[in-house]
Protein chains: 2
Amino acid sequence: MSTSSVAHMRAIQQQAWGGPEELRWVSVERPVPLPTEVLVRVVAAGVNPVDVFTREGRAYMRALSLPHIPGWDVSGIVEAVGYGVTRFQVGDAVFGMPWFPRQAGAYAEYVTAPARHFALKPASLSHVEAAALPLAGLTAWEMLQEIAHVGRGQRVLINAGAGGVGHLAVQIAKSLGAWVIATARSEKHAFMRELGADEVHDYTQADPAEVFKNIDVVIELVGGETCLRLLRTLRPGGLLISAQAAWAPQLFTEAERLNVRASGYLVEPNGHGLDELARLIEAGRLKPHIHQTFPLSQAREAQALIAGGRTVGKIVLTGES
Amino acid sequence: MSTSSVAHMRAIQQQAWGGPEELRWVSVERPVPLPTEVLVRVVAAGVNPVDVFTREGRAYMRALSLPHIPGWDVSGIVEAVGYGVTRFQVGDAVFGMPWFPRQAGAYAEYVTAPARHFALKPASLSHVEAAALPLAGLTAWEMLQEIAHVGRGQRVLINAGAGGVGHLAVQIAKSLGAWVIATARSEKHAFMRELGADEVHDYTQADPAEVFKNIDVVIELVGGETCLRLLRTLRPGGLLISAQAAWAPQLFTEAERLNVRASGYLVEPNGHGLDELARLIEAGRLKPHIHQTFPLSQAREAQALIAGGRTVGKIVLTGES
């Protein structure tokens, strides 16, 4: 216990960009909520592939400064509210995505962020499940609903349908009435069918770009050559949205050549979107699937597993308290 | 024109907290949009009382760091978009409230903020009108809609109905079907009636706390003793929401004693709320009233006028370009 007046907490922190060894389990000052912010005691923190890119200091995440506490997905209990907050009260169970893609902070015992970066946790979800939802769920919801305006009967192809974003996108696309085609290895096909996929395809057996045509919307979660090839599945004027927008320049040239549309996308904190996800959860139309949990202090192991790319659904860290 | 590769811009900046003389018209580096952010060329920037409190370094605004470019209300043109932005394209006319209550930046030729801090400007509004809307409009909308859930036939008292927030709150409360009572000096009563107020009251003639009873919701925009006294107008269980929450501790004790509810409130950036305001504008149910405009370089004069507290509607700065 600290003898000073400043409260402390345990957190995963990195002092330099690099490998998993840069993630250190340390004691740091507990953050204090600014006006409009809430202080949340972290019960569970989701792990995302972008956490690994960030740890490595890749590309667009370089705007962050060090030292850095990773983690943008959280579920926990409101411990204190800053000046002017009415959205929550102390003791509320909330889930959210603090500050993405800027300062993070969820791999810790406590995190602060503006109240609108959170929503009330649906009672039917555990904290572990709720921590799996914000970043991946908002990405899927915003791509399908806000950007593509997916409607009844549209043919939606989801590339990597069993992954963190993919398995939520399958469910959300179904809830919007779409005909859903998901790519995944054969051993994941039963899982894809359970989530509601209308067609499943093993991309290791045949290139989906050769198999599927006349697609209205591609939700592209892999990047690289795969992303470029999938443009060929679209109907004229169809839309591919990629969460791996580092391919953007070539993607746009190629899309124009093929008379289709393409867009890169990066999620933002969005309290309204979280409320909409909670509504889908409560209606029984959406549920995050947990691949594995680790204690917060084992963030290195959790990130190593997600970097392997063979997980089904989400990996979540659990608080020590 | 700069010979370096870094672009510059003109802006109002302050190096120290203090009086209007701390607002300096300087040349600074033009900001660059981070991932999920847009760079907006400022056509008009709204002035708010909180800008003055901030300039003075009062209370809850101390979390900001110096040097500081003031200004949280902006309307302008998207000049560039960062990685992953789909909400807007270059050339779009947008309005928004960047970063409140943290870093500001709208008293400048350019400002950056996350895309969800903006919405498309309604075509029926000029940039000057749109710049008058975000902070005051979101404050009014969130208080009435999100916090108080005002519905048809409810009696809503708006304290300072002719001010920046007040004149928008009167219109929004009417659009929600409320019976609206607005306080204002007699010379502003015709304006209040035009906006739809059902009853108007000159607070210099009689204390509204003695005149009105059985109010469902008080929108309190003045603070101090006035705020405390207005608790007595509420029906049992009625709700007073104050945008001047520095009174919070006494306010809550007194509310409990009187068997009514009270809440302080501070607005947050909210793209969904801006979309809702734009919808009200387009439906002809909401229009900001402009008291006076000043060129951006005359921010001192604009802040002096708003600090006087006798304006009707909003004060807006206009870009030099």
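All of these numbers come straight from a predicted model, not from anything done at the bench.

Novice: Please explain the overall build of chain A as it appears in this structure.
Specialist: The secondary structure content of chain A amounts to 10 helices and 15 strands. Taken against the 2.2 N^0.38 rule, which gives 20 Å for 321 residues, the C-alpha radius of gyration of chain A at 20 Å falls within 12% of a compact globule. With the principal axes as the frame, chain A shows a C-alpha extent of 65 × 40 × 35 Å. Here chain A holds 321 residues, and 59% of them are scored as buried. Total accessible area computed for chain A in this model is approximately 12,300 Å², and 49% of it derives from carbon and sulfur atoms.

Novice: In this structure, what is going on with the environment of Ala80(B)? I would like to understand it.
Specialist: Residue and element names in this part refer to chain B. Along the chain, Ala-80 falls in strand β4 (residues 73-81). Sequence separation between Ala-80 and Glu-276 is 196 residues, and the spatial gap between their C-alpha atoms is 25 Å. In contact with Ala-80, not counting residues within four places along its chain, are Pro-33, Val-38, Leu-39 and Val-90.

Novice: Honestly, unusual backbone geometry in this entry has me stumped. Any pointers?
Specialist: Of all residues except glycine, most have a negative phi; of all peptide bonds, most are trans. Each neighbour pair has its own omega, and for Phe100(A) with Pro101(A) the value is 0 degrees, a cis peptide bond. Structurally, Pro101(A) can be placed in the loop between β5 (93-96) and β6 (110-114). The omega torsion of the bond from Leu66(B) to Pro67(B) falls at -5 degrees, within 30 degrees of zero and hence cis. Of note, Pro67(B) is situated in the loop between α1 (49-55) and β4. Phi is positive for Thr36(A), which is not a glycine, with a value near 75 degrees.

Novice: Honestly, the domain arrangement of chain A in this entry has me stumped. Any pointers?
Specialist: The accessible area lost on association of the parts is a frequent measure of interface size. Residue and element names in this part refer to chain A. For chain A, the domain assignment lists domain 1 (8-133 + 288-318) and domain 2 (136-264). Once you take the C-alpha centre of each, domain 1 and domain 2 turn out to be 27 Å apart. Across the boundary between the two partners, domain 1 contributes 12 residues, which contact 13 residues of domain 2. Summed over both sides, the interface between domain 1 and domain 2 buries roughly 930 Å², with carbon and sulfur atoms accounting for 57% of that surface. For the domain 1 face of the interface with domain 2, the top three residues by lost area are Leu-133, Arg-310 and Val-312, together amounting to 42%. On inspection of domain 1 and its partner domain 2, the count reaches zero salt bridges. At the surface where domain 1 touches domain 2, the tally comes to three residue pairs in polar contact (both at pLDDT 80 or more).

Parameters and conventions
- Residues numbered from 1 in each chain as written.
- Chains lettered and ligands numbered in written order.
- Predicted model: local features only at pLDDT ≥ 70, side-chain atom pairs only at ≥ 80, totals over all residues.
- Heavy atoms only, no water.
- Helix = DSSP H or I, 4+ residues; strand = E, 2+ residues; numbered from the N terminus.
- Rg over C-alpha atoms; globule rule 2.2 N^0.38 Å.
- Buried < 20%, exposed > 50% of the residue type's maximum accessible area, 1.4 Å probe, protein only.
- Areas by Shrake-Rupley, 256 points an atom, 1.4 Å probe, with all protein chains shown as cover.
- Contact = heavy atoms within 4.5 Å.
- Domains from an automatic or database assignment.
- Buried area = accessible area lost by both parts, 1.4 Å probe.
- Salt bridge = Lys/Arg side-chain N within 4 Å of Asp/Glu carboxyl O.
- Polar contact = N/O pair within 3.5 Å; in protein donor to acceptor, adjacent residues only side chain to side chain.

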